[in-house]
Amino acid sequence: MWAFLDINLLLFVYFLLLYSYFSSSVPSHLYFTSCQLQGQFHLNGMHKAGDVVLGGLFEIHFFSIFPDLSFTSEPQQPTCHSFDILGFRQAQSMAFAIDEINRNTNLLPNVTLGYSLYDNCVKLGIGFRAALSLASGREEQFILDDTCVGTPPVLGIVGDSSSTRSIAISTVLGLYRVPMVSYFATCSCLSDRQKFPSFFRTIPSDAFQVHAMIQILRHFGWTWTGLLVSDDDYGLHAAHSFQSDMAQSGAGCLAYLEVLPWGNDPAGLRRIVDVMRKSTARVVIVFAHESHMINLMEEVVRQNVTGLQWMASEAWIAATVLQTPQLMPYIGGTLGIAIRRGEIPGFRDFLLQIRPDLQHNNSYGNSMVNQFWEYTFQCRFAPPHAGWVEAGGSLCTGQEDLENVETEFLDISNLRPEYNVYKAVYALAYALDDMLQCEPGGGPFSGNSCGTLQRLESWQLVHYLEKVNFTTPFGDQVSFDENGDARPIYDVMNWLWLPDGRTKIQNVGEVKESAKGEELRLYEDKIFWNSESKKAPKSVCSESCPPGTRMARKKGESECCFDCISCSEGKISNKTGWYSVLNRAVWRYNLSMYLNTFPVFLDSMECTSCPEDFWSSPQRDHCVSKKTEFLSYHEPLGICLTTISLLGTFTCAVVLWIFIYYHNTPIVRANNPELSFQLLLSLKLCFLCSLLFIGRPRLWTCQLRHAAFGISFVLCVSCILVKTMVVLAVFKASKAGGGASLKWFGTVQQRGTVMVLTSIQATICTAWIVSASPAPHKNTQYHNDKIVYECVVGSTVGFAVLLGYIGLLAVLSFLLAFLARNLPDSFNEAKLITFSMLIFCAVWVAFVPAYVNSPGKYADAVEVFAILASSFGLLLALFGPKCYIILLRPERNTKKAIMGRVIQS
């Protein structure tokens, strides 16, 4: 709120100044020919004259007392204190770059650059006043000719370091296209070319820094983090971008988001640190300035909050003021994003040549050097305040040697903001050089005109600044994209706490933008972790669910907080095994574009169903092949049925051998031996066809099993039917006048009848197979964890007709045999046929409901049992008594015994 009012007041002041400045462009005969400042801001600064002057805004002091805003006749100067030696070194890097350019005969020949550098005291109002002074000029009065030509007070401004101040200043200067190149303002909002048309920067936007932070979080699996931001444009925009990108990428969740107050707010800081202490998040990300961190860390120490992994933005990663023995137990091991480090040859020698201005030590013109000298050597230039000497203070002579004092000012091993300042100055210089090399008539402006120093306008330099492209001595390419942003590249830094108590900021990786996207490279073996385990900490709301479970979000809590629920049968989750491996690979080797390739493994909210032929393991962590079930030769039931089938086949063979061996005996000859032989062969086929129902179903076995079964039994029952008809015909022929009936039941007729009856069944089977062939089928309906291999009949009608035809012949045989059961014969075979067909029909009547209600392999077992039972019933009932007489009662195997009272069948 106060910042908003402050800006409005300053804008009012600025437009008053602009009015007085631009009113000088009115022709002298209409108005006046000079411009006079209504008042002057006397600011802490450093100046050097030149043909073209560049402005600069730097943080030389941390704090200030802001003066009255009104114009007075007396000069106004803010009171700044807490000298920032690194801020002063950044200002000196601009002075060095300009000095180096002036000595370069290939860049801006015959043009001398000057500078006007101001201290903003980390205050919006002071920084804004300094920018207005640069834009409007420092002279109290200057006169322009009637054509209003002349070089602007400054060509461009290097700065500001703060996003908030850069926004305020660039909003105004952008109206007049005054180029401004910041070396430290990272707010992504400054990339808006509509609002800030003349703003450039040599530091990447916060948007890229946020992406880099999220990549580091992903790399270490930190999904539960806290976020602290400063209460300004820099922090608030970073918070918005961080939340948006984190939600979009699914990198994790924020346990809390707190805004750090400006100034000393003990109650607010106490509340924030209390939130941090109670939270389960072990990683704290901070987008703020080092002045915020100083106050925050004091409260952290007061509450003794340890065990946190801090992640620093570029604004405070290099803050040496925080690297003290008192703070390192709390903040040691900090990881952060730092500005690209660079090397500036000859910079240290330039710094050693700095000397105070003894003649003008009280002036406002070059007071920065004197303040630096007093801070470094802890002395005062005369006249010091009263009592200074008496209290033991020393006077500065100006001859002190910088090399004899321990100061980080001369440590140029880690130049980061300074390197950005260096690039910003060179960017302005190269843009000006490109403009001055323009040939008349070939320029980019209206009428192919060129810009000149005599008629230089700021928007012309902006045009060339947009096209700047050069390489620094360090090897970095400098250019700006369509938004005025530099090529994104950051170093990843780590605060190393040495055993002797000293601290060191070491480079442990880098993140940059390439054709593949953002590339993160970390050297994990170099990272110092401030924990007893010396390993990367864990920062998750809920531990990863083990294999076989899925995440279930807790109602009313963040999506990163969940319970683990076991997967249901048939589903698996192997997130811990697969996800962790893929997650590291995706973000370490920049494979984010391929995330959609792994939907099964990266879906952490749901268990994954196994494919149709697979089932979940008992642990639900992987899919295993389903057990296959069919009537196998290797299981006890299959072995038993196979044995019985082979036993029946062997028994048929033995009976057939007995009948062949004793074919001349009366009992064999009296029972129609040809039909008996055919019946034994058909029974043998019935026993063998049962083997087709055992083993893994295949297409040929499915087609053959029912066809073989149907034809074999029709052949068998046809023989019995013809045999029964022959018995009846023989009995009828034994009566007077019945001999004519035997001519219809000769050997040829018997064979023909059996063949015709069997051919009908063969035709039924052929039509069934052709129209709707039985086929093997994987049935998963009976058991979820098993695959039942079975033969589907294809056509239920075909199967019913096949069974119905067999049943029809069996019933007909039974009825005929039943009618002939009481014929006068000592060995009436009709009785045996009646009994055998009774067994046969009983078995198959019981088979139908048992088959329908038996699942899987048991249906096949029921059918095999029915085949074997009916076959054994026929075999034993028809041939058992005869074999008994042949083998055990040979005295009854005589013609006399067989003839008995009537003629045999």
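Every value quoted in this text rests on a predicted model; they were computed, and no experiment measured them.

When its secondary structure is counted, the protein chain shows 24 helices and 31 strands. Looking at the 905 residues of the protein chain, the share that counts as buried comes to 52%. By sequence separation, contacts in the protein chain at least 24 residues apart represent 71% of the contacts at least 6 residues apart.

The 3 strands are arranged S29-S31-S30 in an open sheet whose pairing can be described as mixed. What marks the edges here is a single partner per strand, and that holds for strand S29 (627-629) and strand S30 (775-779). For this sheet, the mean inter-axis angle between neighbouring strands, taken without regard to orientation, is 30°. Pairing analysis gives 5 bridges linking S30 to strand S31 (residues 786-792), with the strands arranged antiparallel. What sits directly across from Ala775, in S31, is Val792.

A few words now on the state of the cysteines. If you walk through the whole model with that rule in mind, you get 9 disulfides. Bridging Cys187 to Cys189, the disulfide has an S-S length of 2.4 Å. Note on the Cys187 and Cys189 pair: the S-S dihedral is about 130°, so by sign convention the disulfide is right-handed. Across the pair, Cys189 and Cys187 agree in class, each one buried. Left unpaired, Cys686 is separated from the closest cysteine sulfur, that of Cys716, by 5.1 Å. Using a relative accessible area of 0% as the deciding quantity, one classes Cys686 as buried.

Let us look at the confidence of the model for the protein chain. Confidence in the prediction for the protein chain averages 81 pLDDT; 82% of positions are at 70 or higher. Counted against residues more than four places away or in other chains, residues 901-905, with its pLDDT under 50, gives 13 contacts.

With that out of the way, let us pick up the packing of aromatic side chains. As enumerated under the stated definition, the model contains 39 aromatic pairs in all. Aromatic pair Phe687 and Phe872: ring centres 4.7 Å apart, planes at 70°, arrangement edge-to-face. Of this pair, Phe687 sits in helix H18 (residues 673-689) while Phe872 is found in helix H23 (residues 857-888), placing the two residues 185 residues apart along the sequence. Taken together, the ring pairs connect Phe83, Phe88, Phe372, Trp373, Tyr375, Phe377 and Phe409 into an aromatic cluster. A cation over an aromatic ring shows up here: Arg696 above the ring of Tyr789, its NZ or CZ 4.6 Å from the ring centre.

With that out of the way, let us pick up the sheet that holds strand S22 (residues 517-522). Sheet architecture is open: 8 strands sit in the order S12-S11-S13-S14-S15-S20-S21-S22, paired in mixed fashion. Lying at the two open borders of the sheet, with one neighbouring strand each, are strand S12 (253-260) and S22. Shown here is a sheet whose adjacent strand axes are inclined to one another by a mean of 25°, direction ignored. Across 2 bridges, strand S14 (residues 309-312) lies against strand S15 (residues 335-339) in parallel orientation. Residue pairing across strands places Ala312 opposite Gly336, the latter belonging to S15. Those strands touched by helix H6 (residues 233-249) are strand S11 (224-230), S12 and strand S13 (283-287), and its axis lies near 155° from that of S11.

Across the 11 residues that make up helix H11 (residues 367-377), a large majority, 9, are buried. Among the residues of H11, Ser367, Met368, Val369, Asn370, Phe372, Trp373, Glu374, Thr376 and Phe377 are the ones counted as buried. At the C-terminal side of H11, Gln378 shows a positive phi close to 50°.

This part is about the pattern of salt bridges. Inspection of the entire model under this criterion finds 25 salt bridges. Ionic pairing is found between Glu343 and Arg341, a salt bridge with its closest N-O pair at 3.9 Å. According to the relative accessible area criterion, Glu343 is partly exposed, its value standing at 44%. What makes Arg341 partly exposed here is its relative accessible area of 24%. When the shortest N-O distance is used, the salt bridge between Asp860 and Arg705 registers 3.4 Å. Remark: Arg705 occurs in helix H19 (residues 699-733) and Asp860 occurs in helix H23; sequence separation between them is 155 residues. Neither residue differs from the other here; Asp860 and Arg705 are each classed as buried.

Here we come to unusual backbone geometry. The peptide bond linking Gly159 to Asp160 adopts the cis configuration, its omega dihedral lying at 0°. Considering the arrangement of structural elements, one finds Asp160 in the loop between strand S8 (156-158) and helix H4 (163-173). In the Ramachandran plot, Val122 falls in the positive-phi region, its phi being about 55° despite a non-glycine side chain. With respect to the helices and strands, the residue Val122 is situated in the loop between strand S6 (113-119) and helix H3 (124-136). Non-glycine residue Arg177 carries a positive phi angle of around 55°.

What follows concerns the pairing of strand S21 (residues 503-514). Sheet topology places strand S20 (residues 489-497) next to S21; 9 bridges connect them, and they run antiparallel. By the bridge assignment for S21, Leu496 is matched with Lys504. Two successive antiparallel strands, S20 and S21, enclose a turn made up of 5 residues, where Gly501 displays a positive phi of approximately 95°. Here 6 bridges tie S21 to S22, and the two strands are oriented antiparallel to one another. The partner of Glu513 across the bridge, within S22, is Glu518.

The rules behind each value
- Residues numbered from 1 in each chain as written.
- Predicted model: local features only at pLDDT ≥ 70, side-chain atom pairs only at ≥ 80, totals over all residues.
- Heavy atoms only, no water.
- Helix = DSSP H or I, 4+ residues; strand = E, 2+ residues; numbered from the N terminus.
- Buried < 20%, exposed > 50% of the residue type's maximum accessible area, 1.4 Å probe, protein only.
- Contact = heavy atoms within 4.5 Å.
- Pairing = 2+ DSSP bridges.
- Axes fitted to C-alpha atoms, helices over the stretch in contact; angles between N-to-C directions.
- Disulfide = S-S within 2.5 Å.
- pLDDT = per-residue confidence, 0-100.
- Phe/Tyr/Trp six-rings, centres within 6.5 Å; stacked < 30°, edge-to-face > 60°.
- Lys NZ or Arg CZ within 6 Å of the ring centre and 35° of its normal.
- Salt bridge = Lys/Arg side-chain N within 4 Å of Asp/Glu carboxyl O.

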